[in-house]
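Chains, contacts and geometry: an overview
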Amino acid sequence: MNRLVGLVVAGAAALGLMPASGHAAADHVEIGFVTTLSGPSGIIGKHMKDAADLAMDMLGGKIGGIPASIVYGDDQFRPDVGRQVTEEMLKRDKVDFLTGYIWSNVLLASYAPAIKSGVIMIGANAGPHELAGAMCAPNYFSASWQNDETPETMGKYMNDKGINDVYMIAPNYAAGKDMMNGFRRYFKGRVTAELYTKPGQADYQVEISEIRAAKPKAVFVFLPGGMGIQFVKQYAQSGLRETIPLYSAFSVDETTLPALGDAAAGNYEVGFWAPDLDNARNKEFVTAFEAKYHYVPSYYAAQSFDAINMIDDAVRAVHGDLSDKKAMIARMEQAAYSSVRGHFAYNTNHFPIEDFYLLRIEKGADGKYTRKIDSRVFTDHKDAYYQECHMKPMK
Amino acid sequence: MPHEADEVGGGGSAADRVMHASLLLEQLLNGVQFAMTLFLMAAGLTLIFGIMNLINLAHGSLYMIGAYVAASSYAAWHSVLAALALAIGATIVVGIVLEVGIFRALYDRDHLDQVLATFGLILFFNEAVRMIWGATALYAAVPRFLAGQVELLPGIPYPVYRLAIIGVGLAVALFLYLLVGHTRIGALIRAGASNRTMIGALGINIGLLYTLIFGLGAGLAALSGAMAGPIFTVESGMGDDFLILAFVVIVIGGIGSIRGSFIAALLVGIADAVGRAFLRPLLALAVSQSAADSAGPALASLLIYALMAAILFFRPRGLFPPRTR
């Protein structure tokens, strides 16, 4: 009986109460934000959520001048859960935009239902090559980078410096191989070894002993999250850090630096952004973030902050007419909002054309370690897949 | 221009590296060191499983609590003794509260109920730790007097802290050997492992004995966690993966046997280290380097379980099962 009433009410709402054509400004904007909020990776989700909340605060709780809210979903670091959360947001919460997504596998699993629904989706971290290439879509944008670009930056830097005999380590799963391939796309020097370790491995002393015996000139690792903390600590404890410099990608950042103390001091990282990136918008973001949350934002936070501001800018451009997707997409393609990365552009595949930097782990004035810009490696870098993207127009 | 993909540069050919004697010694030492961390965890687990017939999945949570308390109290007071005392003391208290409050109701239930209940405790403790210490992994410093390296073999410096872990592991093994083999409590523990009903019938306060053993197990887990902190990541859920290895150790060693756990921990630790170090270069002699690069680590991580399967095939109750009637 109740269900029948519900159906009748819903039917009446659909027929009579909803505006027939969508030229009117919406009275509410709902943004779905999917990230990891539980488990050890929950720290990344915390950075992202805090940054998105800060962006909303600074916009006065409005997106494009319209009262707005963000609904957060926990993907639990699992693709199936991520997809389910995404579908719930589309059906139950009727979100107007989807963003977040730390992990490539979660994003890939959630991608099809989101794209099919016509909602504009903005990846605020993961950048799997499929989405930059053959699977690109008009209603998908990346507010971050394509996965390969960060290791490419390290490969380019080490190649330009003429650093030879590099010992490479990554976990034995798909992203690990992708990262090493990205590195090798620009690094043409000698590789001492390319070692794949068990995902989630805790102790690296065996590998460190091997590195000492192999005598490389440099070590390059991709060991995200807890693996990075473990490897970097153990590498420093072994005393090798003083003789063989450690270069890494996605392995040391502001989510793990508090646990590393001085073990990471002087190590090299790469990225499109760092807290000290010199532009007014970034200063404003970092200052406000630290004032509100009392910790240093990571790139996860920066990307999430940008994603919300990008949505705000697009909604503003169409004066709140959320049904005009084409105009919002056209606006997003201009990359006109004020980004913490400074000026950048969107490529034909909706991935940023942006600069990448060599970063160095250093102690800030407040005694906290952060990643600091050392030098620019790529200017206006494009990912390797955009030519495979043949964007079909939106229906 | 340097050539691309000069795979086997650096330390000579793969065969050379396999034969490298000092590297082999160093990797054996790495294996022994890993074994000691495993042993501390497994010793408590095997007592609890062997004597009380309780599968305690929350043992990894006790390890985590030990690591968190040790890391945060060391950060506050910079005293190794205070950090260890607090970590072990606090974890024993938590362990005893769990034993009295929850596990007593579980001893007579079947293993599935125990697994469910203690799995629930894992979720509880992982979340509790996040609420108390936050989501960021905790910084755990190496005590200053244990920082740095010593040169064991010419040209091979070894972290002092890891040597300290080996030392503590051996000391605990000796302590447990004396406790179990040469004290009245030890006689009760052995009797409990052989026949629980009988020692109850002989008028021993079995409840008190269980609580004592559980406290001992919790203390050992805390010591293991406290020492693991500076090497591993002190984060919510840090004990969960480690617990699986500890179960492998006690199954190989024979459930309830401290001596078995010690030998099994050594076997597992050394097999793991040697497998990770030498399977890949050995494989590279047979197949291509890139095939060895991906197959090596996969096979190495299987090695421990292959070892367990092989040992259980010949000795289904483990290496040193306690004599039961």
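Residues numbered from 1 in each chain as written. Chains lettered and ligands numbered in written order. Predicted model: local features only at pLDDT ≥ 70, side-chain atom pairs only at ≥ 80, totals over all residues.

What chain B contains, in helices and strands, is 12 helices and 2 strands. Secondary structure elements in chain B, listed N-terminal to C-terminal, are α-α-α-α-α-β-β-α-α-α-α-α-α-α. For 325 residues, the compact-globule estimate of 2.2 N^0.38 gives 20 Å, and chain B sits close to it at 21 Å. Judged by the C-alpha coordinates and their principal axes, chain B covers about 80 × 50 × 35 Å. Scored against the burial criterion, the 325 residues of chain B give a buried share of 51%. Partitioning the contacts of chain B with sequence separation of at least 6, the portion at a separation of at least 24 is 77%. (Helix = DSSP H or I, 4+ residues; strand = E, 2+ residues; numbered from the N terminus. Rg over C-alpha atoms; globule rule 2.2 N^0.38 Å. Buried ≥ 20, exposed ≤ 12 C-beta atoms within 10 Å, placed from the backbone. Contact = placed C-beta atoms within 7 Å.)

Another point: the sheet that holds strand β3 (residues 66–74) of chain A. All names here are of chain A. Here we have 6 strands laid out as an open sheet, ordered β2-β3-β1-β4-β5-β6, and mixed in their pairing. Edge positions in the sheet fall to β2 (62–63) and β6 (140–142), since each of these pairs with one other strand and no more. Where strand β1 (residues 29–35) and β3 come together, 7 bridges link them in parallel fashion. Bridging from a neighbouring strand, valine 34 pairs with glycine 73 of β3. Contacting β1, β3 and β4 (97–100), helix α2 (residues 42–58) crosses the sheet at an angle of about 165° to β1. (Pairing = 2+ DSSP bridges. Axes fitted to C-alpha atoms, helices over the stretch in contact; angles between N-to-C directions.)

For the rest of this paragraph, the subject is the environment of glutamine 237 of chain A. With respect to the secondary-structure elements, glutamine 237 of chain A resides in helix α9 (residues 226–238). Considering only alpha carbons, one finds glutamine 237 of chain A and glycine 182 of chain A, 55 residues apart in sequence, at a separation of 29 Å. Among all residues touching glutamine 237 of chain A, those that are not within four sequence positions of it are Val142, Pro159 and Tyr161 of chain B.

Residue-level contacts link 44 residues of chain B with 43 residues of chain A. Those elements that provide at least two residues to the side of chain B that touches chain A are α2 (21–52), β2 (156–159), α6 (160–182), α11 (258–286) and α12 (289–314) of chain B.

A separate point is the packing of α2 of chain B against α6 of chain B. Residue and element names in this part refer to chain B. Orientation of α2 relative to α6, taken along the N-to-C sense of each, is 40°, at an axis distance of 8 Å. Looking at the two axes, α2 sits oblique to α6. Regarding α2 and α6, the two cross each other, and that crossing is left-handed. Contact with α2, carried on its side by Val32, Gln33, Met36, Thr37, Phe39, Leu40 and Ala43, involves Arg162, Ile165, Ile166, Gly169, Val172, Ala173 and Leu176 of α6 and no other residues of that element. Among the residues forming the contact of α2 with α6, the class breakdown is 10 nonpolar, 3 polar and 1 charged. (Parallel < 35°, antiparallel > 145°, perpendicular 65-115°, else oblique. Left-handed = near helix turned anticlockwise from the far one by under 90°. Nonpolar A, V, L, I, M, F, W, Y, C, P; charged D, E, K, R; others polar.)

Residue and element names in this part refer to chain A. Taken as a whole, chain A is organised into domain 1 (27–145 + 276–356) and domain 2 (150–270). Domain 1 and domain 2 are separated by 29 Å when their C-alpha centres are compared. Domain 1 puts 13 residues into the contact, and the matching count from domain 2 is 9 residues. Breaking the side of domain 1 that touches domain 2 down by element, the ones donating at least two residues are α2 and α12 (299–317). Take the side of domain 1 that touches domain 2: its biggest share by element is 3 residues, from α2. (Domains from an automatic or database assignment.)

What follows covers the confidence of the model for chain B. Low pLDDT marks regions whose predicted coordinates should not be analysed in detail. Taken over all residues, the pLDDT of chain B has a mean of 86, while the share at 70 or more is 93%. Counted against residues more than four places away or in other chains, residues 1–12 of chain B, with its pLDDT under 50, gives 28 contacts. (pLDDT = per-residue confidence, 0-100.)

Residue pairs three or four apart in sequence face the same way in an α-helix, which turns once every 3.6 residues. With 13 residues, α9 of chain A should cover 18 Å at 1.5 Å per step; its first-to-last C-alpha distance of 18 Å lies within 8% of that length. Phi turns positive, to about 85°, at glycine 239 of chain A, one or two residues after α9 of chain A. (Expected span 1.5 Å × (residues − 1).)

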